[in-house]
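Inside the fold
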Amino acid sequence: MKKVFQMKSIETQMQDELEGLKASHLFRTLKKVDSEQSSRIVIDGRECINLSSNNYLGLANHQALKEASTTAINKYGNSAAASRLISGNMDLHEILEMTTASFKGTEDALLFNSGYTANIGILQALADERDAIFSDELNHASIIDGCRLSRARVFIYNHRDAGHLRSLLSSSAEKGGARYRRRVVVTDSVFSMDGDIAPIPDIIDAAEEYDAMLIADDAHATGVLGKGGRGAFEHFGIKNGRCIQMGTYSKALGSFGAYIACNRTVKEYLINNARSFIYTTALPPSVIAASIAAIKLLQKDTETPMSQRLTKGDENPSLLRLLSGQALPSPLRGEGKGEGGFSGEPSCPFGAQRNMIIPPPLNPLPQGEGRYERLTIIPPHQLEKTGGGEACPELVEGGEGERRGFSGEILNRLRENTKLFRDGLKSLGYNTLNSETPIIPLFLGDTEKTILFSKRLFDEGIYASAIRPPTVPAGACRIRTTVSAIHSREDIEYCIEVFRRVGIEIGII
Ligand SMILES: Cc1ncc(COP(=O)(O)O)c(C=O)c1O
């Protein structure tokens, strides 16, 4: 019998699939940014107010981070050139881990190369076929992939529903012989597409009742929630307990990479089991130094016991050599042309590309004083008050509250901007879901309308991306906006006015 080849070539299949995506308005393309990341960016040749980045504090182009990176490159070179378990473990990596642990109030911390690799690494390391993972239905894709990689039984609980979590934990404990070796609960602390906050205290209660371990993904909480920007646990005033906090340096902290803040046992376990930690080249020195500089900026000028310990601590000779004695410009006033971020003078690196549809940026941050300090580090033996699950006084205080110094100014500004924008959108009649953070979605539902909305915003000099499936469920398309401390009041008022006009034009409000 004659053989009939019905199979299309693989490329033709792929093209067919891509055509299908285009037909359903789900085809993705890259946009090109031709400027540094700031409150405005040049994207596809046009200057826009940037409502789409995770640069919540404006640190992505901050002078302190740039200088730390260049100094680190001069001393250590460009690359760690090997995984940490081979020859890539530089003193800088350990310094960042100690700095992160003291910032988070945990016994220790472990670096991963990104939030994505951290989540797949911890879940794969902590759970396997013998175990059960309990995951919020709106958790980030990296958590979903980590669950799959682990091969554990996965229970999905309703979004932010600690009651449903509890009932799943309970039924998993009862069902005919289905006893799991470990139960792991995992949740975003701030949900990346909705901007709402997980009820961490209730989730901890449920987890503890069933002897489960909690992993909280603080990617969008680090540098955003809590008085000192230390994340969801500080926001809720929770002691560390048996929880693992994952977070990133790539969002509010303006750098790159991720951490797991945990106790020493978990750290050692991950070093020995997390494949995305073991089999990859260590983060480069420039990135590590920028992350250290970002944390030190957040710790600057505070008057709390914890921050006093951090600024008066023993100075690590290697880091001091790295970052000492430089006459660095003020982070708030800005003393260099085009430094962006915290410059008193608007940064305008765009030259002829500047499009005057949008108002000029005014003074983007309140004035502050002083130079930022040389970086110092606390050796582990001085961290006993924050280690072993003992929270520092600041952490147990909880709430957002008032805070002085650099972090106080910058966090207050972020919160003011967030409130101004969210209140403005709500008063126009937009559905911003349950957002409580600088991630403010405009829930529109329909795919085509969402794309059209985003395109019209771009015409008006605002970049806010359309979020479609599979990033969000079908029928749940939205414009995801993010507010930053470095947006000026005029930027935000301009955006609200454009959202009003475009919303009426498209028939949404
Ligand atoms: C909740 C959450 N977790 C993890 C990640 C991944 O972090 P990274 O961008 O560092 O890979 C992201 C970022 O997109 C996120 O939103």
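The structure presented is a predicted model; accordingly, all values stated were derived computationally and were not measured.

The helix and strand inventory of the protein chain stands at 18 helices and 13 strands. Taking contacts inside the protein chain between residues at least 6 apart in sequence as the whole, the part at least 24 apart equals 74%.

Now for the confidence of the model for the protein chain. Close inspection of predicted coordinates is inappropriate for parts of the model with low pLDDT. Of the residues in the protein chain, 77% reach a pLDDT of 70 or more, and the chain-wide mean stands at 84. Predicted confidence is poor over residues 302-318, with pLDDT under 50, and the contacts of this stretch with residues over four places away or in other chains come to 36 contacts. Residue range residues 320-356 is modelled with pLDDT below 50. Its contacts to residues more than four positions away, or to other chains, number 79 contacts.

Attention now goes to the sheet that holds strand E13 (residues 477-482). In space, the three strands of this open sheet follow the order E10-E13-E12, with antiparallel pairing throughout. Strands with a single pairing partner mark the edges of an open sheet, and in this sheet they are strand E10 (439-445) and strand E12 (466-467). In the sheet, E10 pairs with E13 via six bridges, with the strands oriented antiparallel. Counted as the bridge partner of Leu442 is Ile479 from E13. This element, helix H17 (residues 447-459), spans E10, E12 and E13 of the sheet and lies at about 30 degrees to E13.

This part is about the pairing of E13. The buried fraction of E13 is high, at six of six residues. Residues Cys477, Ile479 and Thr481 of E13 are buried on one face, and the alternating residues Arg478, Arg480 and Thr482, pointing to the opposite face, are buried as well.

Further remarks concern the site of the ligand. Close to the ligand lie 14 residues, the nearest being Ser114, Gly115, His140, Ser192 and Ala219. When residues in the shell around the ligand are grouped by element, the largest group, three residues, is from helix H5 (residues 115-126). A per-class count over the shell around the ligand returns three nonpolar, nine polar and two charged.

Okay, the sheet that holds strand E2 (residues 46-50) next. Reading across the sheet, the three strands line up as E1-E2-E11 and stay open at both edges, with mixed pairing between neighbours. Across the chains shown, the open sheet's two edge strands, defined by having one partner strand only, are strand E1 (40-43) and strand E11 (462-463). Direction of pairing for E2 relative to E11: parallel, over a ladder of two bridges. Paired with Ile49 across the bridge in E11 is Ile462.

Ile122, Ile203, Ile260 and Ala294 are the most contacted members of the largest nonpolar core, which has 125 residues in total. Counting residues per element, this core draws most heavily on helix H12 (residues 285-299), which supplies 10 residues.

Compared with an ideal rise of 1.5 Å per residue, which puts 14 residues at 20 Å, helix H2 (residues 63-76) spans 20 Å between its outermost C-alpha atoms and is within 8% of the ideal. Taken together, the buried positions of H2 are occupied by Gln63, Ala64, Leu65, Lys66, Ala68, Ser69, Thr71 and Ala72. One or two steps after H2, the chain reaches Gly77, where phi turns positive at roughly 90 degrees.

Parameters and conventions
Residues numbered from 1 in each chain as written. Predicted model: local features only at pLDDT ≥ 70, side-chain atom pairs only at ≥ 80, totals over all residues. Helix = DSSP H or I, 4+ residues; strand = E, 2+ residues; numbered from the N terminus. Contact = placed C-beta atoms within 7 Å. pLDDT = per-residue confidence, 0-100. Pairing = 2+ DSSP bridges. Axes fitted to C-alpha atoms, helices over the stretch in contact; angles between N-to-C directions. Buried ≥ 20, exposed ≤ 12 C-beta atoms within 10 Å, placed from the backbone. Near = placed C-beta within 6 Å. Nonpolar A, V, L, I, M, F, W, Y, C, P; charged D, E, K, R; others polar. Core = buried A, V, L, I, M, F, W, Y, C linked by C-beta atoms within 7 Å. Expected span 1.5 Å × (residues − 1).

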